[in-house]
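Each chain, written out:
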Amino acid sequence: MYGSKVSERKVCRVVLVTFWIVFAGVFVLRGVPEVRAGNTWIVDNTGGGDFLTISAALSSSSVMDGDTIFVRYGTGMYIENLVVNKKVNIVGELQQNVNPPTISSAQPDTHVIEITTYPVLIENFKITGATGSGVGVYSEVAAEEYNEVTLQNLEIYSNVKGIVINYVNDGGQSVIPSYHVIDSCSIHDNYFSGIEIYGENHRIRECEIYNNYNGILSVAMEGEGGYLSYTEIEDCEVWGNGGDGIHISESNYNRIKGTDVWNNDHEGIFLSGDHNAIEGVGSGQLSSIYDNNQAGSLAIWDLHVSGEGNIIKYYKIYQSTHRQNTRGVFIVAEEGESNIIENCEVFGYYWSYWDGGEEKRGYGIFLLSEGGVTEIRGSDTKIYDNYVGVVTSNSGDVIDLGSYNNYRSGYGIFNNWMGVSCGDYTEIKNAYFFTTSGWAYQYYADVYAASHVKIEGCKFAHFALFSNVGRAIYIGDGVHSVSVRDCIFNRYYIEIELYHASYNSIQDCTFSSYHQGIYLSSSSTYNEIVRCNFFGAIAVYNNDPSVYASVVIRDFSDHNYVNDSSFDIPNKDELDNDANFVGIYINGSEYNEINNCEFFNKTGSDYDDDGPWTNGIWCAYYSDDNDILGCDFENLDRAVVVESSQEIDIFGDDSSNSDMKYCAVILYAYDPLLYAAKGRIKNYNIQWSSSSNPFNKPVRIDGHDCPAMKSRFEYHTLNGPHDAYINDDDSEWVETTGW
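Report on the accompanying structure.

Rules used throughout
- Residues numbered from 1 in each chain as written.
- Predicted model: local features only at pLDDT ≥ 70, side-chain atom pairs only at ≥ 80, totals over all residues.
- Heavy atoms only, no water.
- Helix = DSSP H or I, 4+ residues; strand = E, 2+ residues; numbered from the N terminus.
- Buried < 20%, exposed > 50% of the residue type's maximum accessible area, 1.4 Å probe, protein only.
- Contact = heavy atoms within 4.5 Å.
- Areas by Shrake-Rupley, 256 points an atom, 1.4 Å probe, with all protein chains shown as cover.
- 1 Å grid on protein atoms, 1.4 Å probe; cavity = no way out; pocket = protein on both sides within 12 Å on 5 of 7 lines; lining within 4 Å.
- Points joined across faces, edges and corners; volume = space filled by probe spheres on them.
- Nonpolar A, V, L, I, M, F, W, Y, C, P; charged D, E, K, R; others polar.
- Core = buried A, V, L, I, M, F, W, Y, C linked by side-chain atoms within 4.5 Å.
- Patch = residues over 30% accessible without salt bridge, like charges linked within 9 Å, V, L, I, M, F, W, Y side chains within 5 Å.
- Salt bridge = Lys/Arg side-chain N within 4 Å of Asp/Glu carboxyl O.
- Pairing = 2+ DSSP bridges.
- Phe/Tyr/Trp six-rings, centres within 6.5 Å; stacked < 30°, edge-to-face > 60°.
- Lys NZ or Arg CZ within 6 Å of the ring centre and 35° of its normal.
- Disulfide = S-S within 2.5 Å.

**Thoughts on the overall build of the protein**
- Along its length, the protein carries 2 helices and 76 strands.
- Burial analysis of the protein (739 residues in total) assigns 60% to the buried set.
- Long-range contacts, defined here as pairs at least 24 residues apart, represent 70% of the contacts in the protein between residues at least 6 apart.
- In the form shown here, the protein has an accessible surface area of approximately 27,000 Å², with 46% of it arising from carbon and sulfur atoms.

Structure (structure tokens):
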């Protein structure tokens, strides 16, 4: 009967209460002071008391409102059915301070105890035997504050239902039951529900509810007024039930606090309605909902909440064994106030499989909108070790985890295969995303963005040094109007990828230690990168000598803009490997504009004609009509590379000229594709040493023997060395004016 939440403190309280009933005739219980002054009557089925049965005491005209019926242990078994129609206390004797007497139903189809008035106290009994259509304890009473119906320290088991607090139809009108207290009870092994409860202003405290079909049940009954409100379920343990642990539907203003729910066959908690709260004890003392769906059914949630204005906080919600088909938190947001998930831990839903061509996945938190919004917030939030950490709806859900200046190891959204799969208009603020070890190396993305998503003030860190997978942010096919601002990125294979995505904005961000910083491909157009800083390079994967770029623009990705950004381009990676490191690499894309950017290497050029090289901007393979405006270059092997691309304009600042300092080659134009490399360059101040490269000239133009495909660059207003090495007679380096 006594579980972990029924403490020695409560056992002592029961003993003291009994003492005062027998010897003082005064009973004090918080919340019910009015039924206290009266006579104490003794029931003992072995004789020696005032009555042999409890029923006899209740039916006696001598027993009046305000009296106490004290039931001695006797034989330990009272076989009877009680109708409590007087305002009395019925208190059992605890044999050896532990074992109370049992009331077993004399008629299985009749309630063991039916309460028809208030205030009433039933304390210290085992209640069983209503195995037909009866109930362990049944009440339809509309009690009052401080005049409650109180069920305390009861063990209720082996009935069809343990406790039912029900609506009553009085003359065609429903009377709402109210003010029932269920305190320190053990309710188990009842065929259907442990507690079935309706009405308002009830309290269920420090109870153990287990091995029933449903633990606590309140199901809205159409036309019958089933509804629960202003009720508290506090410091209980609910486990091992064959249905849901707690199932409350269409009910408002209820509170579940400090209650642990686990190992139920279906959902841990199902709660629908508005302005309900599910609260743990507090910060650093999280309550738990875990390892439900023991039956293994598809799409079962440990916590399922719908409505508006609901709050979930200080809870740990998880699967300890990654049980297939079980998912974490499901919120259906209806129109009205936002639902809140605050300072919770959600983890362990890492599973996926294919079923008939459809992939089934584990979700930590899944947000669905029926016109409403959900917010996930709090700096103590942890969402980790899930296949997908969070799925948001299309209605503007918000994830705000506090200031990113307070990043802490082990907090945030981390080690998920996908961190957040966004619906449209999602806002993600001040979140810390990271990946550390194990299977999470092979993850997909921290944020899978949808249109109109805002990501601000976040930090992204990936600590798998040799990983060749994963992105911090993926902006996919057809997605537009995404804003990424004031974020920090570190150590990803690709830090932001845009695939066939347009009209997106990345501003005021810092990128470091990447394979590719920002990667635009497959007709990603009209995107902007503004005021961003790029530096460092992660380890070259498998000694791959290909291009590693801060920004890649390729495959018909036209009309993109990179403005006011800086690029610190390394000579080697973190493991001292060489590669072609590039600030901006453009391949097969046109009409892009790079404006007022800085490209530099802090350690200086170490040019080798055979490469690899540090490069500022590289226009490769049919990348025509791209403009490089007002940009500065310093200490690079090659400032600008034009490879089989035409109409490339490299224009320095019109008023004061831009700078090319100490670059081994300021312009390298060549044509491996028989397409020609062509463009114009002007308005640069050039500082260059004659020993910077083997051909001892700052410009190199490589063409082909075919005159129709000759490479040609025009220039003017170049201050400083700018003569060219030309390796064939048909290529041209020509000073012209008028442009």
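Here the narrative resumes, following the displayed structure.
**What about the layout of surface pockets?**
- Roughly 240 Å³ of internal volume is contained in the largest pocket.
- Together, 14 residues line the largest pocket, and D625, E647, D649, G679 and R680 are the ones closest to its centre.
- Listed by contribution, the elements that provide at least two residues to the lining of the largest pocket are strand 72 (678-687) and strand 74 (712-719).
- Counted by class, the lining of the largest pocket contains 3 nonpolar, 2 polar and 9 charged residues.

**Looking at the nonpolar core**
- Membership of the largest hydrophobic core comes to 148 residues, with the highest contact counts inside it found for F460, F599 and F633.
- Apart from residues lying up to four places away in sequence, F460 is in contact with F433, D446, V447, I455, A472, I473, C487, I488, F489, N490 and Y492.
- Membership of the second largest hydrophobic core comes to 17 residues, among which are Y607, W613, Y668 and F695.

**Considerations on a nonpolar patch on the surface**
- A surface patch of nonpolar side chains, amounting to about 260 Å² of accessible area, comprises Y621, Y622 and L673.
- In this fold, Y622 is placed in the loop between strand 65 (614-620) and strand 66 (627-629).

**Quick look at the pattern of salt bridges**
- This structure, assessed with the given rule, holds 24 salt bridges.
- Of the charged contacts in the structure, one is a salt bridge between E345 and K382, with a shortest N-O distance of 3.7 Å. Of this pair, E345 sits in strand 35 (residues 345-347) while K382 sits in strand 40 (residues 382-384), and the two are 37 residues apart along the sequence.
- What makes K382 buried here is its relative accessible area of 17%.
- Residue K572 is joined to D578 by a salt bridge in which the shortest nitrogen-to-oxygen separation is 2.7 Å.
- The class for K572 is partly exposed, based on a relative accessible area of 32%.
- For D578, a relative accessible area of 42% corresponds to the partly exposed category.
- Among the ionic contacts, a cluster of salt bridges with common partners joins K710, R712, E714 and E732.

**Some details on empty space enclosed by the protein**
- Counting across every chain of the model gives 4 cavities of 30 Å³ or more.
- Size it by volume and the second largest cavity reaches roughly 50 Å³.
- Lining of the second largest cavity is provided by Y514, H515, G536, A537, Y548, A549, S550, I569, P570, F581 and V582.
- Considering every element that reaches the lining of the second largest cavity, the biggest residue donor is strand 59 (residues 547-554), with 3 residues.
- Residues of the lining of the second largest cavity, tallied by class, amount to 8 nonpolar, 3 polar and no charged.

**Focus: the environment of I113**
- Here I113 lies in strand 7 (residues 113-115).
- Spatially, the C-alpha atoms of I113 and L82 are 4.7 Å apart, while their sequence positions differ by 31 residues.
- With sequence-adjacent residues up to four places away left out, I113 is seen in contact with L82, V84, I103, I122, I127, V135, G136, V137 and Y138.

**Topic: unusual backbone geometry**
- A cis amide bond, omega -5 degrees, links Y118 with the succeeding residue P119.
- With respect to the element layout, P119 can be found in the loop between strand 7 and strand 8 (120-128).
- Geometrically, the link from G611 to P612 is a cis peptide bond, its omega value of 0 degrees lying close to zero.
- Looking at where P612 falls in the secondary structure, it is placed in the loop between strand 64 (598-600) and strand 65.
- If you check the backbone angles, S158 has positive phi at about 55 degrees while not being a glycine.

**Re the pairing of strand 53 (residues 494-499)**
- Most of strand 53 is tucked away, with 5 of its 6 residues classed as buried.
- Pairing of strand 50 (residues 471-475) with strand 53, which is carried by 4 bridges, proceeds in the parallel orientation. Paired with R471 across the bridge in strand 53 is I494.
- As defined by bridge partners, strand 53 adjoins strand 56 (residues 516-521) across 5 bridges and the pair is classed as parallel. Bridge pairing in strand 56 places I494 opposite Q516.

**Quick look at the packing of aromatic side chains**
- The tally for this structure, following the rule as stated, stands at 41 aromatic pairs.
- With a centroid separation of 5.8 Å and 25 degrees between ring planes, the pair formed by W351 and Y353 is classed as stacked.
- In this structure, K382 packs its charged tip against the face of Y411, placed 4.5 Å from the ring centre.
- The positively charged end of R638 is found above the aromatic ring belonging to Y668, 4.9 Å away from the centroid.

**Focus: the environment of M709**
- With respect to the helices and strands, M709 occurs in the loop between strand 73 (699-701) and strand 74.
- In this structure the C-alpha to C-alpha distance between M709 and A676, which are 33 residues apart in sequence, comes to 5.1 Å.
- Setting aside residues up to four positions removed in sequence, M709 forms contacts with D671, L674, Y675 and A676.

**What to know about the state of the cysteines**
- This model, assessed by the stated rule, comprises 0 disulfides.
- A disulfide-free cysteine, C458 has its sulfur positioned 4.7 Å from the sulfur of C487, the nearest such atom.
- Here C458 falls in the buried class, since its relative accessible area comes to 0%.

**Some remarks on the pairing of strand 62 (residues 580-587)**
- For strand 62, the buried fraction is high: 8 of the 8 residues fall into the buried class.
- Taken together, the 7 bridges between strand 59 and strand 62 define a ladder with parallel strand orientation. Its bridge partner being in strand 62, A549 is matched across the sheet by V582.
- Pairing geometry for strand 62 and strand 65, over 6 bridges, is parallel. Bridge pairing in strand 65 links I584 to I617.

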